[in-house]
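Secondary and tertiary structure notes
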Amino acid sequence: MRKEKIMQLFNGLFGNGILWEEELPHEYKYLYDRFQIIGDFWISSAEVMNTRMSKKHIRYYSNVITQVIYPYLKEKGRKEYQIL
């Protein structure tokens, strides 16, 4: 269900001129897969790399995760991303 919702989100962003069209076969499917892998395992990575979890670490990993989409954003999307 998570994959279906994210793919709907990508389609909506594409439809609103925020994302580029796919240049490679299954490009957005693989983008979702990267989000899933990072989202599922960032806590394990943070625990291995740091002695204790803090708000600073959570912000850091949040940026790591969300910046995965940045190269796929058109100018309109990049402006909106900067607002966040």
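Going by the structure above, here's the rest.
Let us look at the structure shown here. This is a predicted model, so every value here is computed, not measured. (Residues numbered from 1 in each chain as written. Predicted model: local features only at pLDDT ≥ 70, side-chain atom pairs only at ≥ 80, totals over all residues. Heavy atoms only, no water.)

Looking at the pattern of salt bridges
Across all of its chains, the model carries three salt bridges by this definition. In this structure, the salt-bridge partner of arginine 2 is aspartate 40, at a minimum N-O distance of 3.2 Å. Of this pair, arginine 2 sits in helix α1 (residues 2-15) while aspartate 40 sits in helix α2 (residues 27-49), placing them 38 residues apart in sequence. Under the relative-accessibility criterion, arginine 2 is labelled partly exposed at 45%. (Salt bridge = Lys/Arg side-chain N within 4 Å of Asp/Glu carboxyl O. Helix = DSSP H or I, 4+ residues; strand = E, 2+ residues; numbered from the N terminus. Buried < 20%, exposed > 50% of the residue type's maximum accessible area, 1.4 Å probe, protein only.)

Details of the packing of aromatic side chains
All told, the structure shown has six aromatic pairs when counted by the stated rule. With 5.7 Å between their ring centres and 50° between their planes, phenylalanine 10 and tyrosine 28 make a pair best called tilted. Remark: tyrosine 28 occurs in helix α2 and phenylalanine 10 occurs in helix α1; sequence separation between them is 18 residues. Comparing phenylalanine 10 with tyrosine 28, the two get one shared label, buried. Considering the side-chain rings of tyrosine 60 and tyrosine 61, the 5.0 Å spacing of their centres and the 90° angle between planes classify their relative orientation as edge-to-face. (Phe/Tyr/Trp six-rings, centres within 6.5 Å; stacked < 30°, edge-to-face > 60°.)

Let's talk about the side chain of serine 54
By the secondary structure assignment, serine 54 is in the loop between α2 and α3 (55-66). In this structure serine 54 comes out as buried when scored by relative accessible area, which is 19%. There is a polar contact of 2.9 Å between the side chain of serine 54 and the side chain of histidine 57. (Polar contact = N/O pair within 3.5 Å; in protein donor to acceptor, adjacent residues only side chain to side chain.)

Some thoughts on unusual backbone geometry
Excluding glycine, residues mostly have negative phi values, and the peptide bonds linking residues are mostly trans. A positive phi is found at histidine 26, a non-glycine position, where the angle reads about 65°. Note on placement: histidine 26 falls in the loop between α1 and α2.

Examining the packing of α1 against α2
A pair of packed helices is captured by two measures, namely the crossing angle of their axes and the spacing between those axes. Taken N-terminus to C-terminus, the directions of α1 and α2 make an angle of 125°; their axes are 10 Å apart at the nearest point. Between α1 and α2, the crossing angle belongs to the class labelled oblique. Considering how the two elements wind past one another, α1 and α2 form a crossing that is right-handed. Residues Arg2, Lys3, Ile6, Met7 and Phe10 of α1 pack against Tyr28, Lys29, Leu31, Tyr32, Phe35, Gln36 and Asp40 of α2. (Axes fitted to C-alpha atoms, helices over the stretch in contact; angles between N-to-C directions. Parallel < 35°, antiparallel > 145°, perpendicular 65-115°, else oblique. Left-handed = near helix turned anticlockwise from the far one by under 90°. Contact = heavy atoms within 4.5 Å.)

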